[in-house]
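# Residue-level structural notes
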Amino acid sequence: MDAVDDLGDAIDATRNFLTPVRAGLWLRLAILALFVGGLGTGFPSAPTGDVGPAAEQAPGPGAEAIPEEAILAAVVAVGFLLLLWLGYALVAAVMEFVFIESLRSETVRVRRYSNANVGRGIRLFGFRVALIAIAALVGATPVVASILGLGGIDGTTGIVGLAALFAVGVYLLYAVISRFTSEFVAPIMLLEERGVLSAWRRFWPTVRANWLEYVVYLVLVWIIQAAVGIAVSILTLIAGIIVAIPFIVVAVLLFALGDVGAILAAVVVLTGVLAFVLAALLVQVPVVSYFKYYALLLLGDTNADLDLIPDQRAAIRADGGEPSEPDWDDSSRPPETDDRGDDEDDWTADYGWVDDEEEIDDWEDAGWGDAEDRDGRDGRDDRDDRDDRDDRDGRNDRENHEDDDRGW
């Protein structure tokens, strides 16, 4: 089954891409991992708790009403955070294509790939926002209505529980659509220059024809992500401790110097926080790369026309994950280029290799006869020359005998 076999192939593809370790490549991928790791496509959590009775209670005599200034400040803060998240989600949508193109080409060009995929990123961003809004509306409305007793809905525990189960089902459906959009539909958008809905229509027949593969893929991905999440958390904690120790020591020493030292200590602490974030993102690089390669491999295995990484696929399956050597039809034939960079025609001219029927015709047109049997022809010519000399020598001997008979 491809969904199972591709688990190992994704490891080989990730290793080939990330090794040997290059600092510049890993740093650029760390920046991409900040946006591609899924933080920009989270689903808002459904409200929980029985707030109906609390809502029905009026403020007591000693209760103070919330100041309007506090409410206004809260609204402004929520609006600012919403705008901040929308900006982040927009950049994350563009970076999705940048990351896929980086895996596809095995080179990371953040600015070049970003400029080429702004339009696709905006379309993906719009689809994600619409999907979150629809899922939140469909999933949260029954829960809120059952809790508040709106629309005649009895807010009993059973009704609230059913509404919560319905919300969980909506969330799972949202999670499947969101993952398939990011892992399979976005690559199709990049490969065939389609919009989101058009790419979904292109992808849907592949899902129907290989539904078991994609069900196994979902199960394996969720299981592996749970296991890998624990390992990543441990590695991040270890990396955080290692990174924090020198910054903490320096900050304490600077803080002891007084006011100026306190300011410098604050700068050191901020630098330490940024260093910790970078370390955490570096830990995420192979994880994000692995899951992306896994999806791309499965997409190409279930539909060869949608294969974005044919070269990587051939390399990892030719020789246990190592790049394959050129396959020459004839071991005696020279490669198209030699060490000096000459092309095949130069090699032929230098070493006498005749590989083309047109070259053979050129030999014959030049009066050399059959170019494929020059060595045999030369041998026959040498024998003919010797026979002619022998004939001449025999004729001369006979003529001498005849002259003797005539009395010369």
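Structure: above.
So, a few notes on the structure that sits alongside this text.

How each quantity is defined
Residues numbered from 1 in each chain as written. Predicted model: local features only at pLDDT ≥ 70, side-chain atom pairs only at ≥ 80, totals over all residues. Heavy atoms only, no water. Helix = DSSP H or I, 4+ residues; strand = E, 2+ residues; numbered from the N terminus. Expected span 1.5 Å × (residues − 1). Bend = angle between axes of the 7 residues up to and from the residue. Salt bridge = Lys/Arg side-chain N within 4 Å of Asp/Glu carboxyl O. Buried < 20%, exposed > 50% of the residue type's maximum accessible area, 1.4 Å probe, protein only. Axes fitted to C-alpha atoms, helices over the stretch in contact; angles between N-to-C directions. Parallel < 35°, antiparallel > 145°, perpendicular 65-115°, else oblique. Contact = heavy atoms within 4.5 Å. Nonpolar A, V, L, I, M, F, W, Y, C, P; charged D, E, K, R; others polar.

## Things to note about helix H10 (residues 259-302)
- Helix length check: H10 (44 residues) gives 65 Å between terminal C-alpha atoms against 64 Å at 1.5 Å per residue, within 8%.
- The principal kink in H10, of about 35°, is found at Gln-284, preceding the proline Pro-286 by one to four residues.

## Side note on the pattern of salt bridges
- Enumeration over the complete set of coordinates arrives at twelve salt bridges.
- Residue Arg-317 pairs with Asp-6 through a salt bridge whose shortest N-O separation is 2.8 Å. Linking Arg-317 in helix H11 (residues 310-318) with Asp-6 in helix H1 (residues 2-18), this pair joins segments that are 311 residues apart in sequence.
- Here Arg-194 makes a salt bridge to Glu-192, at a shortest N to O gap of 2.6 Å.
- For Arg-194, a relative accessible area of 26% corresponds to the partly exposed category.
- Residues joined in a network through salt bridges with shared partners are Asp-6, Asp-9, Asp-301, Asp-307, Arg-313 and Arg-317.

## Overview of the packing of helix H4 (residues 68-105) against H10
- It is at 11 Å that the axes of H4 and H10 come closest, and there the two elements cross at 75°. By the criterion of interaxial angle, the relationship of H4 to H10 is roughly perpendicular. Contact with H4, carried on its side by Glu-96, Phe-99 and Leu-103, involves Val-288, Ser-289, Lys-292, Tyr-293 and Leu-296 of H10 and no other residues of that element.
- Residue composition of the contact of H4 with H10, by class: five nonpolar, one polar and two charged.

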